[in-house]
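Results of the structural survey
Residue-level listing of the chains:
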Amino acid sequence: MAEKYPELNWRKNLNPIRCGGGYDYGVDLNRNFNFFWGDQEGASSNPCDSDYHGPAPESEPETKALADYARMLFPEEQRKNDPELQKDDPFAEDNTGMYLDIHSSGGYVYYPWGHRDAKSPNDEALQAFGRKINYFTNYKMWAGSQPDFLYAASGDTSDWAYGALGVASLGFEIGDNFQQECDSFEEEVVPINLPALLFAAKTAQKPFSTIKGPDILELDVRHVNGQIRVSVHASDSTMVNAIDNFPDFRTGNQAITTVQLYLDVHPDDYRIGDVSWEMVFDSDEETAGLVLSVITSFLPGRHMLFAQAEDSDGYKGPVSSVFVEVSDDETTLHGASLRGARAPSRHRDGRNTEKKHAAK
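These numbers come from a predicted model, not from an experiment.

Scoring rules and cut-offs
- Residues numbered from 1 in each chain as written.
- Predicted model: local features only at pLDDT ≥ 70, side-chain atom pairs only at ≥ 80, totals over all residues.
- Heavy atoms only, no water.
- Pairing = 2+ DSSP bridges.
- Helix = DSSP H or I, 4+ residues; strand = E, 2+ residues; numbered from the N terminus.
- Axes fitted to C-alpha atoms, helices over the stretch in contact; angles between N-to-C directions.
- Contact = heavy atoms within 4.5 Å.
- Buried < 20%, exposed > 50% of the residue type's maximum accessible area, 1.4 Å probe, protein only.
- Lys, Arg positive; Asp, Glu negative; His and termini not counted.
- Salt bridge = Lys/Arg side-chain N within 4 Å of Asp/Glu carboxyl O.
- Polar contact = N/O pair within 3.5 Å; in protein donor to acceptor, adjacent residues only side chain to side chain.
- Core = buried A, V, L, I, M, F, W, Y, C linked by side-chain atoms within 4.5 Å.
- Left-handed = near helix turned anticlockwise from the far one by under 90°.
- Expected span 1.5 Å × (residues − 1).
- Phe/Tyr/Trp six-rings, centres within 6.5 Å; stacked < 30°, edge-to-face > 60°.
- Lys NZ or Arg CZ within 6 Å of the ring centre and 35° of its normal.

Here's the deal with the sheet that holds strand β4 (residues 168-174)
Pairing is mixed across the open sheet formed by four strands, whose spatial order is β1-β4-β2-β3. Every interior strand has two partners, whereas the edge strands, β1 (98-104) and β3 (140-142), have only one. In this sheet, neighbouring strand axes are inclined to one another by 25° on average, regardless of whether the strands run parallel or antiparallel. Across the sheet, helix α3 (residues 157-165) is in contact with β1, β2 (108-110) and β4; its angle to β4 comes to roughly 170°.

A word on the side chain of R131
Position of R131 among the secondary structure elements: in helix α2 (residues 123-137). The charged side chain of R131 is buried without a salt bridge, its nearest counter-charge being D248 at 6.1 Å. Polar side-chain contacts of R131 include one of 3.0 Å to the backbone oxygen of V240. Setting aside chain neighbours within four positions, we find R131 in contact with M141, M239, V240, N241, I243, F246, P247, D248 and F249.

With respect to the nonpolar core
Across soluble globular proteins, nonpolar side chains have a tendency to be buried as a group. Core analysis: the largest hydrophobic core is formed by 39 residues, its most contacted members being I133, W160, L170 and F208. Those elements that provide at least two residues to this core are α1 (61-73), β1, α2, α3, β4 and α4 (182-202). For I133, the contacting residues outside a window of four places in its chain are V109, N138, L170, F172, A196 and F199. Judged by nonpolar contacts, the second largest core, of 25 residues, contains L219, V221, A234 and V324.

Some words on the packing of α2 against α4
The interhelical angle for the contact between α2 and α4, taken along N-to-C directions, is 150°, at an axis separation of 8 Å. Every pair of crossing elements has a handedness; the one defined by α2 and α4 is right-handed. For the pair α2 and α4, contact is made by K132, I133, F136 and T137 and by I192, N193, P195, A196 and F199, respectively.

A few points about the side chain of N95
Tracing the backbone through its elements, the reader meets N95 in the loop between α1 and β1. On the accessibility criterion, N95 (6% relative accessible area) is buried. Apart from residues lying up to four places away in sequence, N95 is in contact with Q78, G166, Q205, K206, P207 and F208.

Concerning the sheet that holds strand β9 (residues 285-293)
Within the open sheet, the three strands sit side by side as β5-β6-β9. Their pairing is antiparallel. Since the sheet does not close on itself, it has two edges, and those belong to β5 (215-224) and β9, each with one partner. On average, each strand axis in the sheet is inclined to that of its neighbour by 15°, with strand direction left out of account. Pairing geometry for β5 and strand β6 (residues 227-235), over nine bridges, is antiparallel. What sits directly across from E218, in β6, is H233.

Observations regarding the pattern of salt bridges
Pairing between side chains becomes possible if they bear opposite charge and their charged atoms approach one another. All told, the structure shown has 12 salt bridges when counted by the stated rule. Here K212 ties to E93 by a salt bridge, and the two come within 2.6 Å at their closest N and O atoms. You can see K212 sitting in the loop between α5 (207-210) and β5 and its partner E93 sitting in the loop between α1 and β1, a full 119 residues away along the chain. A residue is classified by how much of its surface remains accessible, and K212, at 8% relative accessible area, is buried. With relative accessibility at 30%, the residue E93 sits in the partly exposed group. Note that K212 and E124 form a salt bridge whose closest N and O atoms lie 2.9 Å from each other. One end of the pair, K212, is in the loop between α5 and β5; the other, E124, is in helix α2, and 88 residues separate them in sequence. Overall, E124 belongs to the partly exposed group, its relative accessible area being 26%. Via salt bridges that share partners, E58, K64, D68 and R71 belong to a single interconnected network.

A look at α2
Over its 15 residues, α2 runs 20 Å from end to end, which matches the ideal 21 Å to within 8%, given 1.5 Å per residue. Extensive coverage of α2 is indicated by the burial of 12 of its 15 residues. Along α2, the residues classified as buried are D123, A125, L126, Q127, A128, F129, G130, R131, K132, I133, N134 and T137. Positive backbone phi, approximately 65°, marks N138, located one or two places after α2.

Quick look at the packing of aromatic side chains
The final tally for this structure, using the stated rule, is 13 aromatic pairs. For the pair Y110 and W142, a centre-to-centre distance of 6.4 Å together with 65° between the ring planes defines the contact as edge-to-face. On the criterion of sequence distance, the pair formed by Y110 in strand β2 and W142 in strand β3 is long-range, its members being 32 residues apart. The class of W142 is buried, set by a relative accessible area of 11%. Both rings, one in Y162 and one in F208, keep their centres 6.2 Å apart while their planes meet at 65°; by these two values the pair is edge-to-face. Within this pair, whereas Y162 is found in helix α3, its partner F208 is found in helix α5, the two being separated by 46 residues in sequence. The exposure classification of Y162 matches that of F208, with both residues buried. One residue, K80, lies across the ring of F91, its end atom 4.1 Å from the ring centre. Lying over the aromatic face of F323, R302 brings its terminal NZ or CZ to 3.9 Å of the ring centre.

Here's what the structure looks like:
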């Protein structure tokens, strides 16, 4: 329908519920989820309207299929007994799961609440998400209490995934046209949205906590005379405070205390005996270097180096990684340049003792 009749800007499904002749049938699936379903502030009970919420919550097979899959995927124990009644109670920071909803168009990132113009109880984390997505996309934030909150949407997927399932939830209104041209989609929309989506995926294990931590802006490695030289540029403030004319946000005001490097093991899977090194930081943004011996630290082959920064409040940020190829006589770089970062001295436990190139 959407392709055959682009002039309709079709947003509903093809449920033959009608209010008369013509093309006024169907249900808006993004008003059909079971969280504040039927709230007339953010949906319509009139089948003729484009935001018709349907005859009942999850009445549509598309909605039911997605909701059933999400309920199976995300842990039941992290949900509330009565989501609507307990809407003002925050979820635990160790809740797991990330829900991303992709729409066209307009250039917005939206997050709860959407059914009313008010902050959610986990706004500190969700607003940090919206701000950091803006770092990649420059999309405006459409959320309760924000200046670009356009209108209420009740029974939508973003509020439902957060309010009913307890997962961090974001929506993207990508592009600038309901029927985006392929060339502009590939050349303009994908390049800014794909990095944002990959960034969001990095937080999925503990999104409410991870998003508050510092970000690794650059992770560079280089092989020099039998050494692996690592440079890390980390910031607690750059991404979350990227929006022009917005006040600095409280999750970006902490000093970074450490950046931990892990060899061939993701931080979530780290066990005693695995190889890691610690780099010491003491400001909200800086660059530091570390020198590793190829002979003593690496076997020949492909290795993966993971990095994760921690701030003074104890929040650990998203993990970044880089490949390092090691052979008997050379290492091939898979990353960017060191930009002149010098190598620090190092304790036997691997801690960096000399910071380089503070970039406040």
